[in-house]
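Here is how the chains run, residue by residue.
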Amino acid sequence: MKIATIIVRVLLGLVFVVFGSNAFLHFIPMPPMTGHPGEFIGSMYATGYLTAIATLQVIGGALLLVGRYVPLGLTLLGPIIFNIDLFHIFMDRSGLLMAAIVSALWLFLLWRYRDAFAGLLRA
């Protein structure tokens, strides 16, 4: 199980470092989005909100890749993953499978590092 945890941690870390870095470096071509999804992403870009999200993605992904402060990385990525899920459920269903896979990987790591979050659940 330890090897599976390392594999999932590195895989999830790479996903967020690569796609978060793409917001700054533009090395993965993104097709133009139209309709409400395009308006949504466009407004996030215009206000600088997308830059903040991309920064948190890179930081959270790097923490997972390095293997130090993994609970902090999971905490940073949790709300981002939740919003990615909601975006793909309500606006653009084409990426729903990938969002579900990322969510499953995040939940697996959350379960493996549950001891770090035990204080939040104490009654």
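Residues numbered from 1 in each chain as written. Predicted model: local features only at pLDDT ≥ 70, side-chain atom pairs only at ≥ 80, totals over all residues. Heavy atoms only, no water.

Caption draft 1: Layout of the overall build of the protein. A tally of helices and strands in the protein yields 6 helices and 0 strands. When the helices and strands of the protein are placed in sequence order, the string is α-α-α-α-α-α. Rg of the C-alpha trace for the protein: 15 Å, near the compact-globule value of 14 Å for 123 residues, within the 12% margin. Dimensions along the principal axes, computed over C-alpha positions, put the protein at roughly 45 × 30 × 25 Å. (Helix = DSSP H or I, 4+ residues; strand = E, 2+ residues; numbered from the N terminus. Rg over C-alpha atoms; globule rule 2.2 N^0.38 Å.)

Caption draft 2: Looking closely at a nonpolar patch on the surface. Nonpolar side chains collect at one region of the surface, where L14, V18, F19, F24, L25, F27, L65 and V66 lie side by side and expose about 740 Å² of accessible area between them. Residue assignment for the nonpolar patch shows that the elements contributing at least two residues are α1 (2–25) and α3 (49–66). When residues of the nonpolar patch are assigned to their parent elements, the largest contribution, 5 residues, is made by α1. Inspection of the secondary structure puts F27 in the loop between α1 and α2 (35–47). (Patch = residues over 30% accessible without salt bridge, like charges linked within 9 Å, V, L, I, M, F, W, Y side chains within 5 Å. Areas by Shrake-Rupley, 256 points an atom, 1.4 Å probe, with all protein chains shown as cover. Salt bridge = Lys/Arg side-chain N within 4 Å of Asp/Glu carboxyl O.)

Caption draft 3: Main features of the environment of Y113. Mapped onto the elements of the fold, Y113 is located in the loop between α5 (96–112) and α6 (118–121). Remark: the alpha-carbon pair of Y113 and L74, spanning 39 residues in sequence, is separated by 9.2 Å. Excluding residues that lie within four positions of it along the chain, Y113 makes contacts with T5, R9, V70, P71 and L74. (Contact = heavy atoms within 4.5 Å.)

Caption draft 4: Structural context of the nonpolar core. L12, F16, L64, L74 and L77 are the most contacted members of the largest nonpolar core, which totals 16 residues. Of all elements in the fold, only α1, α3, α4 (70–90) and α5 reach the threshold of two or more residues within this core. A total of 5 residues in this core trace back to one element, the largest contributor, which is α4. If sequence neighbours within four positions are ignored, L74 has contacts with L64, W106, L109, L110, Y113 and F117. (Core = buried A, V, L, I, M, F, W, Y, C linked by side-chain atoms within 4.5 Å. Buried < 20%, exposed > 50% of the residue type's maximum accessible area, 1.4 Å probe, protein only.)

Caption draft 5: Focus on unusual backbone geometry. With a phi close to 55°, H26 is a non-glycine residue in the positive phi region. Tracing the sequence through the fold places H26 in the loop between α1 and α2. We classify H26 as exposed; its relative accessible area is 57%.

Caption draft 6: Region of the structure containing the packing of α1 against α3. Two elements in contact, α1 and α3, have axes whose closest approach is 7 Å; the angle formed by their N-to-C orientations is 150°. Viewed along their axes, α1 and α3 adopt a mutual orientation that is roughly antiparallel. Crossing angle aside, the handedness with which α1 passes α3 is left-handed. Note on element contacts: α3 touches α1 through T51, A54, T55, Q57, V58, G61, A62, L64, L65 and V66, opposite R9, V10, L12, G13, L14, F16, V17, F19, G20, S21, A23 and F24. (Axes fitted to C-alpha atoms, helices over the stretch in contact; angles between N-to-C directions. Parallel < 35°, antiparallel > 145°, perpendicular 65-115°, else oblique. Left-handed = near helix turned anticlockwise from the far one by under 90°.)

Caption draft 7: Quick look at α4. Taking 1.5 Å of rise per residue, 21 residues should cover 30 Å, and α4 covers 30 Å from first to last C-alpha, within 8% of that figure. At L77, α4 shows its largest kink, close to 30°, and the proline P79 lies no more than four residues downstream. All buried positions along α4 are accounted for by V70, G73, L74, L77, G78, I80, I81, D85, F87 and H88. On its buried face, α4 is in contact with α1, α2, α3 and α5. (Expected span 1.5 Å × (residues − 1). Bend = angle between axes of the 7 residues up to and from the residue.)

Purely geometric numbers; function is a separate question.
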